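Structural description and commentary
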Amino acid sequence: EQIEKNGYDHFMLKEIYEQPDAITDTYRGRMLVDQGIVRMAGVDDNISKFLNARRILIVACGTSWHAGLVAEYIFEDFARIPVEVEYASEFRYRNPVIYRDDVVIAISQSGETADTMAAIKLAKEKGAFVFGVCNVVGSSISRETHAGAYTHAGPEIGVASTKAFTTQITVLSLIALKLAKEKGTISNSDFHLYLRELELIPNKIKEALQSNEHITDVARKYKDASNFLYLGRGFNFPVALEGALKLKEISYIHAEGYPAAEMKHGPIALIDEMMPVVVIATRKGHYEKVISNIQEIKSRKGKIIGIVTKGDKEVRELADYVIEVPETVEAFTPLLTTIPLQLLSYHIALMLDKNVDQPRNLAKSVTVE
Ligand code: G6P
C-alpha cells in the first residue's frame, strides 16, 4: 500500500496532486487545440442524437451529481441545450417525464452505483439515448449505457472523490464545446479560446496546489469549528456544495453549501463569530455581488475564507484569509476553485485525526439502493 501511495501519506492527497496529469489524460487525443477539433468516439458516433436533443438529463449521485451541476451551467452556456440534473435516486422513484429525444447522461466514477444504474435502465425503457461518463473501464454502467466517454483519471482509492470530479467536468466541457461548435452557439474565436484555456488548466492546478502550506494554516485555525458554510454563485455554486460535502465526508464537521445569494433567505441567521464561511469569489462571475455577500457576513462577525483570483485586493481587505487560484475563463473556474477546498478538508480531517481515506459509514461505491 505504501508503494501505491507513491510517497504520499494518503490516497486522497495523492489523488489531489494527480489532478494535473489526470486532466491531461482526459483530454489527450480528444482535444486537438491547433486544429480546433474536439473528437470523442462516443459523441461523434451519435452526434445527431446530441444535436437533436430536446433536453439533456443528467443523473448521478454524490460528487458526480455535483459535476453534473457544473455541467448544467456549461452546457446551457456553451451549447444552449436545456439541462436538468437529477439525483438518480429521486429520478427513478418519481415517475419522471422522459422523452425519446432526451439525451440522458449518467455520471459515475465507479460505474457501479445502484441508483444511477436503475435510473439508466428506466431512461432506456422510455426510449431515451443514454450516455455514460465513467472512470472505471468495463464497469456495469459503462456496459449498460448506449455509448460513453471514460474520464481516464486512473484508479481513485480515497473514498472522498477528488480527481474523478475534475476529470468528469473536463469530459463534459469537451462535449459541451463540441456541441456548441456544431450548433454554432459559440463563435469560432471563443471555441479556440476555450480549447486553449482548457489546455492550460493542468498547469494552473499545479499553481493552485502551491497554496498547500497556506491552506494548512487556515485548516489549523478553523479545525475546531462545529459548522462551516460554503458559498458560491453561478458556475461555482456547485463547487460550494462539493466543498461542503468534502468536509462532511472526512472531517465529520457539519457543513452546508449554498448559492451565495440565497444566504439571506436562511443561512445568514446562523452567522456569528463562531462560523467560518468559505466564499468562492473569483473575479469573473458576479464578483461585485459576492463582495456584498462578504460584507453581510463580516457585519455579523462571521469568519471569511475567500477563494479568490490571483492578485485580488478587494476580498483580501474584507476576509480573514484568502486563498488564490490562477485566472481562467469563468466556465472553467470550478476546475481551479475546487482544489483549495479539497486540500482544506484534507488538512482539517488529518488534524482531527480522522481516517481520511476510509471515513466511517461511507463506501467508495454504493451498490445498495
Ligand atoms: C459514494 C462515494 C462518493 C461518490 C458517490 C457516487 O457515496 O463515497 O465519493 O461521489 O458514491 O459514486 P459514483 O461512483 O457513482 O460516482
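So, here's what we can say about the structure. (Residues numbered from 1 in each chain as written. Predicted model: local features only at pLDDT ≥ 70, side-chain atom pairs only at ≥ 80, totals over all residues.)

Per the secondary structure count, the protein chain includes 15 helices and twelve strands. Radius of gyration (C-alpha) of the protein chain: 20 Å, near the 21 Å computed for a compact globule of 369 residues. Along the three orthogonal principal directions, the C-alpha set of the protein chain runs to about 55 × 45 × 45 Å. Burial statistics for the protein chain: of 369 residues in total, 55% are counted as buried. The contacts of the protein chain with a sequence gap of at least 6 include a subset with a gap of at least 24, amounting to 74%. (Helix = DSSP H or I, 4+ residues; strand = E, 2+ residues; numbered from the N terminus. Rg over C-alpha atoms; globule rule 2.2 N^0.38 Å. Buried ≥ 20, exposed ≤ 12 C-beta atoms within 10 Å, placed from the backbone. Contact = placed C-beta atoms within 7 Å.)

Lining the immediate surroundings of the ligand are 16 residues, of which Gly 62, Thr 63, Ser 108, Ser 110 and Thr 113 lie closest. With three residues, the top contributor of residues to the shell around the ligand is helix H5 (residues 62–79). Of the residues in the shell around the ligand, the class split is five nonpolar, ten polar and one charged. (Near = placed C-beta within 6 Å. Nonpolar A, V, L, I, M, F, W, Y, C, P; charged D, E, K, R; others polar.)

Within the secondary structure layout, Leu 247 lies in helix H12 (residues 237–251). Expressed as a C-alpha distance, the spacing of Leu 247 and Glu 72, which sit 175 residues apart in the sequence, is 24 Å.

With that out of the way, let us pick up the packing of H12 against helix H15 (residues 333–351). As a packed pair, H12 and H15 sit with axes 9 Å apart at the nearest point and diverge in direction by 20 degrees. As far as their axial angle goes, H15 and H12 are roughly parallel. Viewed along their axes, H12 and H15 form a crossing whose handedness is right-handed. Counted together, Pro 238, Val 239, Glu 242, Gly 243, Lys 246, Leu 247, Ile 250 and Ser 251 of H12 and Pro 334, Thr 337, Thr 338, Leu 341, Gln 342, Ser 345, Ile 348 and Ala 349 of H15 form the full contact between these two elements. Among the residues forming the contact of H12 with H15, the class breakdown is eight nonpolar, six polar and two charged. (Axes fitted to C-alpha atoms, helices over the stretch in contact; angles between N-to-C directions. Parallel < 35°, antiparallel > 145°, perpendicular 65-115°, else oblique. Left-handed = near helix turned anticlockwise from the far one by under 90°.)

As a further point, take the sheet that holds strand S6 (residues 129–134). Strand order across the open sheet formed by five strands is S4-S3-S5-S6-S7, with parallel pairing between neighbours. This sheet does not close on itself; its edge strands, each paired only once, are strand S4 (83–87) and strand S7 (147–150). Direction aside, neighbouring strands of the sheet carry axes that sit 20 degrees apart on average. Those strands touched by H5 are strand S3 (55–60), S4 and strand S5 (102–108), and its axis lies near 175 degrees from that of S4. Helix H7 (residues 114–125) contacts S3, S5 and S6 of the sheet and is inclined by roughly 165 degrees relative to S5. (Pairing = 2+ DSSP bridges.)

Purely spatial values, then, with no claim about function.
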